[in-house]
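Read off the chains here:
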Amino acid sequence: MTPVRVAVTGAAGRISYSLLFRIAAGGLLGPDQPVILQLLDIEPMGKVLQGISLELRDCAFPLLEDVVVTHDADEAFAGADLVFLVGARPRGPGMARKDLLQANAGIFAEQGKALNRAVSKDARILVVGNPVNTNALIAIKNAPDLDPRQFAAMTRLDHNRALSLLAEKCRVPVTDVRRITIWGNHSATQFPDLFHAQVQGQAALERVDRGWYENEFIPVVQHRGENIIELEGQSSAGSAAHAAIEHMRSWVFGTPGGDWVSMAVLSDGSYGICEDIVYSMPVTVAGGAFKIVDDLEINDFCREKLTETERELLQEREAVRALL
Ligand code: NAX
């Protein structure tokens, strides 16, 4: 079988360390699909990348046909079918959000150009590195020959957090919960929406107290990332890698009947959200392409939340305007 080329940036980082071995073991594309890993990191991480490449070979994975390690984005993206853009500059001490945006904007502009030159023409590209939504927008704008629908930014971790929390509250298995949505930015303004969610086929908000939803559930999901940093001293890596795998699996294999997932995609004006920002929406996937779920009722409570996170994304867009 022809191997699938999977490119991963930030390959020497923590999320990638949880991601790469699962991809090589068949956790992404199944037990019959060979893969070639094409790993990118910056030059100073060259030795670490070499070590990871040796470790991957030391596993003797039957599905792993080759491992390429490089600090050249064109080489990493050459012919890639699936791309995980994990690499990003972390927020340093005293660094304002605006400075982080600028530092990463430059990286994603360059990588957008390299993707445009190098990837397979029907590649799917998932942005994981923060700030994800705006990084994805920059990459899209710098890759004019690719379809913007080939890009998505990851809010699947937020989605999974919401799913797990609701299931726990209702004391049901996660498989009994459906139609969770994360709207907007992968930040504390995101809106975890339970108005359309179902628990065992029943409206979720008939199963939980509205006060719990507004005063506990929403802030817990919005701030879970910070909570993990407080506890572990570093950001989520295992759960982020798992979410990245699940996002890509949904994109490749589709969503199960009647359910949807959250993906941050280029807004087409659905739900009155400003076009030309990358905004997390409920989507279904069939035949390798996503479709925004388009018939949900948005009440006043939801509208206010949708607008608040939209406003933040518009501000982020202004901050990187020069690169779009
Ligand atoms: P690490 O700091 O462990 O790894 C990042 C790696 O990226 C490093 O090896 C670094 O050298 C590399 N890198 C930096 N600039 C690069 C460039 N120009 N090209 C290629 N590689 C480059 O971070 P890690 O914990 O792996 O997190 C990676 C990113 O994911 C961060 O931006 C982080 O904020 C983000 N996250 C996103 C989440 C999401 O839900 N979307 C959740 C987890 C995480 O916070």
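Residues numbered from 1 in each chain as written. Predicted model: local features only at pLDDT ≥ 70, side-chain atom pairs only at ≥ 80, totals over all residues. Heavy atoms only, no water.

Caption draft 1: Fine view of the sheet that holds strand β10 (residues 198-199). Taken in spatial order, the three strands line up as β7-β10-β11 in an open sheet, and their pairing is antiparallel. Two strands in the sheet have a free side with no partner beyond their single neighbour: β7 (177-178) and β11 (202-203). Where β7 and β10 come together, two bridges link them in antiparallel fashion. Pairing of R178 across the sheet is with Q198, part of β10. (Pairing = 2+ DSSP bridges. Helix = DSSP H or I, 4+ residues; strand = E, 2+ residues; numbered from the N terminus.)

Caption draft 2: Fine view of the site of the ligand. Around the ligand sit 23 residues in total, of which R14, I15, D41, V128 and N130 are the nearest. In the environment of the ligand, an oxygen atom lies 2.6 Å from a nitrogen or oxygen atom belonging to the side chain of D41. Take N130: an N or O atom from its side chain is 2.8 Å from an oxygen atom of the ligand. Contributing elements (two or more residues each) for the shell around the ligand: α1 (14-24) and α4 (97-118). Counted by class, the shell around the ligand contains 12 nonpolar, nine polar and two charged residues. Each of domain 1 (4-153) and domain 2 (156-323) contributes no fewer than three residues to the shell around the ligand. (Near = heavy atom within 4 Å. Polar contact = N/O pair within 3.5 Å; in protein donor to acceptor, adjacent residues only side chain to side chain. Nonpolar A, V, L, I, M, F, W, Y, C, P; charged D, E, K, R; others polar. Domains from an automatic or database assignment.)

Caption draft 3: Quick peek at the nonpolar core. Among the nonpolar cores identified, the biggest contains 79 residues, and L56, F84, L166 and F217 are the most heavily contacted of them. Three or more residues apiece are contributed to this core by two domains, here domain 1 (4-153) and domain 2 (156-323). Beyond its immediate stretch of four places on either side in the chain, L56 contacts L20, F21, A24, L37, L39, F61, L64 and V67. Ranked by size, the runner-up nonpolar core spans 33 residues in total, among them L40, A105, A118 and L146. (Core = buried A, V, L, I, M, F, W, Y, C linked by side-chain atoms within 4.5 Å. Buried < 20%, exposed > 50% of the residue type's maximum accessible area, 1.4 Å probe, protein only. Contact = heavy atoms within 4.5 Å.)

Caption draft 4: Quick peek at the pattern of salt bridges. The full count for this structure, using the stated rule, is eight salt bridges. Here K141 and D276 are joined by a salt bridge, their closest N and O atoms 3.0 Å apart. Here the residue K141 occupies a position in helix α5 (residues 132-141), and D276 occupies one in the loop between β12 (261-266) and β13 (278-286), the gap between them amounting to 135 residues. Residue classification places K141 among the partly exposed positions, given a relative accessible area of 33%. (Salt bridge = Lys/Arg side-chain N within 4 Å of Asp/Glu carboxyl O.)

Caption draft 5: Molecular detail of the state of the cysteines. Across all of its chains, the model carries zero disulfides by this definition. With no disulfide partner, C170 has as its closest neighbouring cysteine sulfur the one in C302, 18 Å distant. For C170, a relative accessible area of 13% puts it in the buried group. Cysteine C274 is unpaired, with the sulfur of C302 as its nearest cysteine sulfur at 20 Å. Taking the relative accessible area as the measure of exposure, C274 reaches 27% and is therefore partly exposed. (Disulfide = S-S within 2.5 Å.)

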